[in-house]
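Structural description and commentary
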Amino acid sequence: KGMDLENPRKDEPKPPIEIPQGALSAEILEAVIESFVLREGTDYGWAEVDHATKISQIKKQIASGKVRIVFDPNTESVTLMTEKDFRKITPA
């Protein structure tokens, strides 16, 4: 009694899930990148980079595999992560 048989570890954080680039429509991918750029306010050093350039740079990084599209089942949100950061938080 009281034990959830379907998910006995429901209080444990779940690992993030990578979303393959091709699984998203161009419009959804654009929205994810747009949201990330607006939320993160990414630091580009001394030179200010315009919004369209930031979006273009991130698209190239996703295409090259340097940036991953990630779904966090704990917060039910989608974000972007560097390949290095993604490897740190995913089980081996």
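Residues numbered from 1 in each chain as written. Predicted model: local features only at pLDDT ≥ 70, side-chain atom pairs only at ≥ 80, totals over all residues. Heavy atoms only, no water.

Here the focus is the nonpolar core. With twelve residues, the main nonpolar core is built from Ile19, Leu29, Val32, Ile33, Phe36, Val37, Ile55, Ile58, Ile62, Val67, Ile69 and Leu80. Elements with a contribution of two residues or more to this core: helix H1 (26-40), helix H2 (51-64) and strand E2 (67-72). Element by element, the count of residues in this core is highest for H1, at five residues. (Core = buried A, V, L, I, M, F, W, Y, C linked by side-chain atoms within 4.5 Å. Buried < 20%, exposed > 50% of the residue type's maximum accessible area, 1.4 Å probe, protein only. Helix = DSSP H or I, 4+ residues; strand = E, 2+ residues; numbered from the N terminus.)

On to the pairing of strand E3 (residues 77-82), then. Where E2 meets E3, six bridges bridge the pair, whose relative direction is antiparallel. Considered in E3, the bridge of Arg68 is made with Met81. Linking two consecutive strands that pair antiparallel, namely E2 and E3, is a turn of four residues; a positive phi of about 55° is found at Glu76 within it. (Pairing = 2+ DSSP bridges.)

Further remarks concern the environment of Gly22. Following the sequence through the fold, Gly22 ends up in the loop between strand E1 (17-19) and H1. When the C-alpha atoms of Gly22 and Ala63 are compared, they prove to be 9.9 Å apart, with 41 residues separating the residues in sequence.

Function-wise, these values are silent; they only describe arrangement.
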